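Fold and contact review
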Amino acid sequence: MVTKTGASGKRNAHQKANDRFKNSLNQWFFGSIMLATVLHFGLFQFFPELTAADFDIVVDPTEVIPLPRDIKIPPPPEEIERPAVPVVAPVELDEDITIGRTTLDKNPVELLPPPPSEAIRIEDRPVWVPHTVEPEIKNRGRAVEIVLRHYPKILQDAGIGGTVYVWVFIDTSGRVQNAQVQTSSGVAALDEAALRAVYEIEFTPALNMDKTVPVWSSFNITFQVPE
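Since we're looking at a predicted model, the values are computed, not measured.

1. Some words on helix H2 (residues 140–150)
Listed as buried for H2 are Ala143, Ile146, Val147 and His150. Projected down its long axis, H2 carries its buried residues within an arc of 95°, all on one side. Pointing more than 90 degrees away from the buried face of H2 are the exposed residues Glu145 and Arg149. Buried residues in H2 make contact with strand S1 (136–137), helix H4 (188–198) and strand S7 (215–223). N-capping of H2 is provided by Asn139, with a side-chain oxygen placed 3.1 Å from the backbone N of Gly141.

Here it is, written out as structure tokens:
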């Protein structure tokens, strides 16, 4: 026989199962609270009492050092006096103030040093000229070719090289107008070749702010045997 269960019967059965679960949950909840209460009570009642060990702090007494009796306490410094109030003293000036005549009696012309025979030109010797931008070599590749062309063949074949430091006077157009050996390479032929080569190298002119100026500048010419 097949029995049909209506929707109301299923709802009642489901509610009864929920009620049973809730009741069992309440029983477990209250039971766990009671058990925890008993365990805590027993823990505080029967657990041995804990005490901290006593310890003392020992402090050494401060040693008192007696002062000698012959110490003399210096007296306090004297009070600094206030500066006196400035007083403008009356000054009588003579209205007839004259300046003595300047004569050459004490400095005769024949005892004065003679004037320079000629004006000193900056292109004659290395002197410092105010400038803000240094001159530079325009084309370094061409400058290397010029140095190699002036490299003495006999020294090149012998593997003799060196560096010559030269003073170069460069005008406002960037051309060399004068050159002097600053530091020799130790070989006179290389020094002369460096001076000949530097006259063919083109430079950018030096600048003082935005104005071109002629200056002396130091450059090194290196003669090295090509590999």
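And the narrative resumes.
2. A short note on the layout of surface pockets
One simple way to see leftover space: roll a probe sized like a water molecule over the atoms. Quantified by volume, the largest pocket comes out at close to 360 Å³. Looking at the largest pocket, it is lined by 17 residues, and the ones nearest its centre are Val144, Val147, Asn220, Ile221 and Thr222. For the lining of the largest pocket, the secondary-structure elements that each account for two or more residues are S1, H2 and S7. If you tally residues by element for the lining of the largest pocket, the top one is S7, at 6 residues. When the residues that make up the lining of the largest pocket are grouped by side-chain class, the tally is 11 nonpolar, 4 polar and 2 charged.

3. Some points on the packing of aromatic side chains
The way to describe two aromatic rings as a pair is by their centre distance and the angle between their planes. With the rule as written, the count across this model stands at 3 aromatic pairs. Their ring planes at 55° and their centres at 5.3 Å tell us that Tyr151 and Phe223 sit as a pair that is tilted. Remark: Phe223 occurs in strand S7 and Tyr151 occurs in the loop between H2 and helix H3 (153–158); sequence separation between them is 72 residues. For the ring pair Phe203 and Phe219, a centre distance of 4.8 Å and an interplane angle of 50° mean the geometry is tilted. With a gap of 16 residues between them, Phe203 in strand S4 (residues 203–204) and Phe219 in strand S7 connect regions that are remote in the sequence. A relative accessible area of 15% means that Phe219 is categorised as buried.

4. Describing the packing of H2 against H4
Packed helices, taken two at a time, are described by their axes: the angle between them and the distance between them. H4 packs onto H2 with a crossing angle of 140° between their chain directions and a minimal axis gap of 9 Å. By the angle between their axes, H2 is oblique relative to H4. Helix-helix and strand crossings are classified by hand; for H2 and H4 the assignment is right-handed. Packed against H2, whose contacting residues are Ile146, Val147 and His150, the element H4 presents Ala193, Arg196 and Ala197 at the interface. Grouping the constituent residues of the contact of H2 with H4 by class yields 4 nonpolar, 1 polar and 1 charged.

5. A short note on the sheet that holds strand S3 (residues 176–183)
Ordered by their spatial adjacency, 3 strands build an open sheet running S3-S2-S7, and the pairing between neighbours is antiparallel. Of all the strands in the sheet, just S3 and S7 have a single pairing partner and so form its edges. For this sheet, the mean angle separating the axes of adjacent strands, direction not counted, is 30°. When strand S2 (residues 162–170) meets S7, the two strands line up antiparallel, connected through 9 bridges. Along S7, the bridge assignment pairs Trp167 with Ser218. Of the strands in this sheet, S2, S3 and S7 touch H4, which is tilted by about 35° from S2.

6. Section: H4
Within the span of H4, buried status applies to Leu190, Asp191, Ala193, Ala194, Ala197 and Val198. Across the axial projection of H4, the buried residues extend over an arc of 165°, all falling on one side. In this fold, the buried residues of H4 make contact with H2, H3, S2, S3, S4 and S7.

7. Re the pattern of salt bridges
Tallying each qualifying case throughout the model produces 2 salt bridges. We note a salt bridge from Glu200 to Arg149, for which the minimum N-O separation is 2.5 Å. Of this pair, Glu200 sits in the loop between H4 and S4 while Arg149 sits in helix H2, and the two are 51 residues apart along the sequence. On the basis of relative accessible area, Glu200 is assigned to the partly exposed category, the value being 31%.

8. What about the pairing of S3?
As defined by bridge partners, S2 adjoins S3 across 6 bridges and the pair is classed as antiparallel. Bridge assignment links Val166 to a residue of S3, and that residue is Val181. Connecting the antiparallel pair S2 and S3 is a turn made up of 5 residues, with Gly174 showing a positive phi of about 90°.

Analysis parameters
- Residues numbered from 1 in each chain as written.
- Predicted model: local features only at pLDDT ≥ 70, side-chain atom pairs only at ≥ 80, totals over all residues.
- Heavy atoms only, no water.
- Buried < 20%, exposed > 50% of the residue type's maximum accessible area, 1.4 Å probe, protein only.
- Helix = DSSP H or I, 4+ residues; strand = E, 2+ residues; numbered from the N terminus.
- Arc of directions from axis to C-beta.
- Contact = heavy atoms within 4.5 Å.
- Polar contact = N/O pair within 3.5 Å; in protein donor to acceptor, adjacent residues only side chain to side chain.
- 1 Å grid on protein atoms, 1.4 Å probe; cavity = no way out; pocket = protein on both sides within 12 Å on 5 of 7 lines; lining within 4 Å.
- Points joined across faces, edges and corners; volume = space filled by probe spheres on them.
- Nonpolar A, V, L, I, M, F, W, Y, C, P; charged D, E, K, R; others polar.
- Phe/Tyr/Trp six-rings, centres within 6.5 Å; stacked < 30°, edge-to-face > 60°.
- Axes fitted to C-alpha atoms, helices over the stretch in contact; angles between N-to-C directions.
- Parallel < 35°, antiparallel > 145°, perpendicular 65-115°, else oblique.
- Left-handed = near helix turned anticlockwise from the far one by under 90°.
- Pairing = 2+ DSSP bridges.
- Salt bridge = Lys/Arg side-chain N within 4 Å of Asp/Glu carboxyl O.

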